[in-house]
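So you can see what is in the structure, the chains are spelled out below.
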Amino acid sequence: MANVELTLDDVKQIIDEPEHLEWISFCGNYGEPIVAKECIDIIEWLAEVSPAEFRMHTNGSARNEEWWWDFCKRLHGVPIIINFGIDGITQAKHELYRRNTDLQKIFDNAELLIGAGFEVEWDYLVFKHNQDDIETAKKMSDEKGFSKINIISTERFWSKDALEYDWKGEKYKLERSTHKPNKKQLMRINNPVVNQINCFAQERQEVYIDCRGYITPCCYLGMYLYSSQQNQDGKFHSQQELIGIFRSMNLDRLKGNLNEVVQDPFFSWLRGKHLELQPKRCQAVCGTEINRKLYNE
Ligand SMILES: C[S@@+](CC[C@H](N)C(=O)[O-])C[C@H]1O[C@@H](n2cnc3c(N)ncnc32)[C@H](O)[C@@H]1O
Ligand code: SF4
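Calculation criteria
- All residue numbers here refer to positions counted from 1 along the written sequence of the relevant chain.
- For naming, the first written chain is A and the first written ligand is 1, with later ones following in the order written.
- Residues qualify for local features only when their pLDDT is at least 70, as the model is predicted, and side-chain atom pairs are given and counted only at 80 or more; totals for whole chains, interfaces and linings, by contrast, use all residues.
- A run of H or I in DSSP counts as a helix once it spans at least four residues, and a run of E counts as a strand once it spans at least two, with each numbered from the N terminus.
- Just to be clear, the radius of gyration here is over C-alpha atoms, and the globule rule we use is 2.2 Å times residues to the power 0.38.
- Note on burial: count the other C-beta atoms lying within 10 Å of the residue's C-beta; 20 or more is buried, 12 or fewer is exposed, in between is partly exposed, and C-beta positions come from the backbone.
- A residue pair is marked as a contact if its C-beta atoms, positioned from the backbone, fall within 7 Å.
- As a rule, any residue with its backbone-derived C-beta atom within 6 Å of a molecule or strand is reported as near that molecule or strand.
- In this count, Pro and Cys sit with the nonpolar residues alongside Ala, Val, Leu, Ile, Met, Phe, Trp and Tyr, while Asp, Glu, Lys and Arg are called charged and the others, Gly among them, polar.
- These domain boundaries are the output of an automatic or database domain assignment.
- Note: two strands are recorded as paired if DSSP finds a minimum of 2 bridges between them.
- The axes used here are C-alpha line fits, helices contributing only the stretch in contact, and every angle between their N-to-C directions lies in the interval 0 to 180 degrees.
- Our arc is simply the arc of the directions from the helix axis toward the C-beta atoms.
- A set of buried residues qualifies as a nonpolar core if it consists of Ala, Val, Leu, Ile, Met, Phe, Trp, Tyr and Cys joined through C-beta atoms within 7 Å.
- These descriptions rest on fixed angle ranges, namely under 35 degrees for roughly parallel, over 145 for roughly antiparallel, 65 to 115 for roughly perpendicular, and the rest for oblique.
- Definitions for this section: a left-handed crossing has its near helix turned counterclockwise from the far helix by less than a right angle. A right-handed crossing has that turn clockwise.

**Some points on the overall build of the protein**
What the protein contains, in helices and strands, is twelve helices and nine strands. Taking 19 Å as the expected radius of gyration for a compact globule of 297 residues, we find that the protein reaches 20 Å, a close match to that expectation. By its C-alpha atoms, the protein is 50 × 45 × 40 Å across when sized along the principal axes. When burial is assessed residue by residue, the protein has 29% of its 297 residues classed as buried. Taking all contacts inside the protein whose residues are at least 6 apart in sequence as the whole, residues at least 24 apart take part in 75%.

And the structure:
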């Protein structure tokens, strides 16, 4: 995967009417927002010129204390919630999913932010290996001053129950949690049957801007725009369909100034497709009754 990021100048080119933005989330998608060299500059500028509230999802480990101090000093008073991805209460459990991250460093960074008055949430993805520690994690979250712990299911096993990977010459396995989500919270991966697509991006007037500046309604689509340019064909029909759609387009249309790109016919074409319950990816993500990712408390 290429190492690409937006600079502050790029962001200024894309967002020329920041005063109209209400909410900006640095979600990471395939990446990690704090790795971007101008991450703090970008948030600082956006906070100056827009009334938006911010959220940032981070692994919390990619930067040292000095960087976080700079973050605290420069963004003091900015309405930002920072979500730290911490998927275990011990280094061994946490790193089974999050390789190359240091649990102690993450807690230290989170506590530094909390001490400086920032609102920090703990995102805990549930796998089989960490499902029995949820109560302890909740207690730790309170003790450390996180404002909230989000216990989150993962749909990324797709139809499988386990995923294997190699790390430093060893084989590891991540297994699906045996906890049942209480409602239909997972995306419908296999042949969803839906009556309606409620496009959250349309409803909230949201867009997703990727690390190269391509603009799509949401990251669930944007990730396949990326795949379409990376020689990836997708395993499932819903993925192949979207990759095909993006490959058949001149993607330059989806890059540039935000106000202009959202008027591109792609956006109205997609709204029309939703009325026909297409594309399948949108069915899976925004078909009625689904896409609630949180387990019940
Ligand atoms: C992919 S991450 C990227 C941002 C950052 N690098 C991180 O690790 O949080 C964006 C969001 O996806 C969530 N996420 C990561 N892996 C996931 C998984 N397997 N299933 C569901 N959500 C996941 C994270 O908790 C985070 O809220
Ligand atoms: S997945 Fe499709 S329907 Fe859902 S927000 Fe994205 S574009 Fe809209």
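**A look at unusual backbone geometry**
Going from Gln278 to Pro279, the amide bond is cis rather than trans, its omega being -10 degrees. Unlike most non-glycine residues, Gln205 shows phi in positive territory, near 55 degrees. A residue is classified by how many C-beta atoms lie within 10 Å of it, and Gln205, with 10 of them, is exposed. Its identity is not glycine, yet Leu277 carries a phi of approximately 60 degrees, on the positive side. Topologically, Leu277 is positioned in the loop between helix H11 (265–275) and helix H12 (280–286). Exposure remark for Leu277: the 16 C-beta atoms within 10 Å place this residue in the partly exposed category.

**A few points about the site of ligand 1**
As a structural note, the neighbourhood of ligand 1 is formed by 14 residues, with Gly28, Glu32, Gly85, Thr154 and Arg156 the closest of them. Elements that contribute at least two residues to the shell around ligand 1 include exactly strand E2 (53–58), strand E3 (80–85) and strand E4 (119–125). Residue classes in the shell around ligand 1 are distributed as three nonpolar, eight polar and three charged.

**Remarks on the domain arrangement of the protein**
You can read the domains of the protein as domain 1 (1–178) and domain 2 (180–297). With centres defined by C-alpha atoms, the gap from domain 1 to domain 2 works out at 23 Å.

**Quick word on the environment of Val285**
With respect to the helices, strands and loops of the structure, Val285 is situated in helix H12. Looking at Val285, the number of C-beta atoms within 10 Å reads 23, which means it is buried.

**Observations regarding the site of ligand 2**
In the vicinity of ligand 2, the contacting residues are Ile197, Cys199, Phe200, Ala201, Pro217, Cys218, Tyr220, Leu221, Arg281, Cys282, Val285 and Cys286. Only helix H7 (200–203), helix H8 (219–229) and H12 provide two or more residues apiece to the shell around ligand 2. Looking at which element gives the most residues to the shell around ligand 2, the answer is H12, with four residues. Taken together, the residues of the shell around ligand 2 break down into eleven nonpolar, no polar and one charged.

**A look at the sheet that holds E4**
Taken together, five strands build an open sheet; the order of strands is E1-E2-E3-E4-E5 and the sheet is parallel. Two strands in the sheet have a free side with no partner beyond their single neighbour: strand E1 (23–26) and strand E5 (148–152). This sheet shows a mean twist of 20 degrees between the axes of neighbouring strands, independent of strand direction. Sheet topology places E1 next to E2; four bridges connect them, and they run parallel. Residue pairing in the sheet places Ile24 in a bridge with Phe54 of E2. In the packing of helix H6 (residues 134–144) onto the sheet, the strands contacted are E4 and E5, and the crossing angle to E5 comes to about 155 degrees.

**Examining the pairing of E5**
Of the strand pairs in this sheet, E4 and E5 are connected by five bridges, and their pairing is parallel. When the bridges of E5 are listed, Trp122 appears paired with Ile149.

**Structural notes on helix H9 (residues 237–247)**
Within H9, the full set of buried residues consists of Ser238, Gln239, Leu242, Ile243, Ile245 and Phe246. On an axial view of H9, the arc spanned by its buried residues comes to 155 degrees, and they lie on one face.

**Considering the nonpolar core**
Core analysis: the largest hydrophobic core is formed by 33 residues, its most contacted members being Ile43, Phe84 and Tyr124. Counting residues per element, the ones that place at least two in this core are E1, helix H2 (39–49), helix H3 (65–74), E3, helix H4 (91–97), helix H5 (103–115) and E4. When residues in this core are grouped by element, the largest group, six residues, is from H2. Listed in part, the twelve residues of the second largest apolar core include Tyr224, Leu225, Leu242 and Phe246.

**With respect to the packing of H3 against H5**
One can describe the packing of H3 onto H5 by two numbers: an axis separation of 10 Å at closest approach and a directional angle of 20 degrees. Between H3 and H5, the crossing angle belongs to the class labelled roughly parallel. H3 and H5 meet at a crossing whose hand is right-handed. Across from Glu65, Trp68 and Cys72 in H3, the residues of H5 making contact are Asp108, Asn109, Leu112 and Leu113. Residue composition of the contact of H3 with H5, by class: four nonpolar, one polar and two charged.

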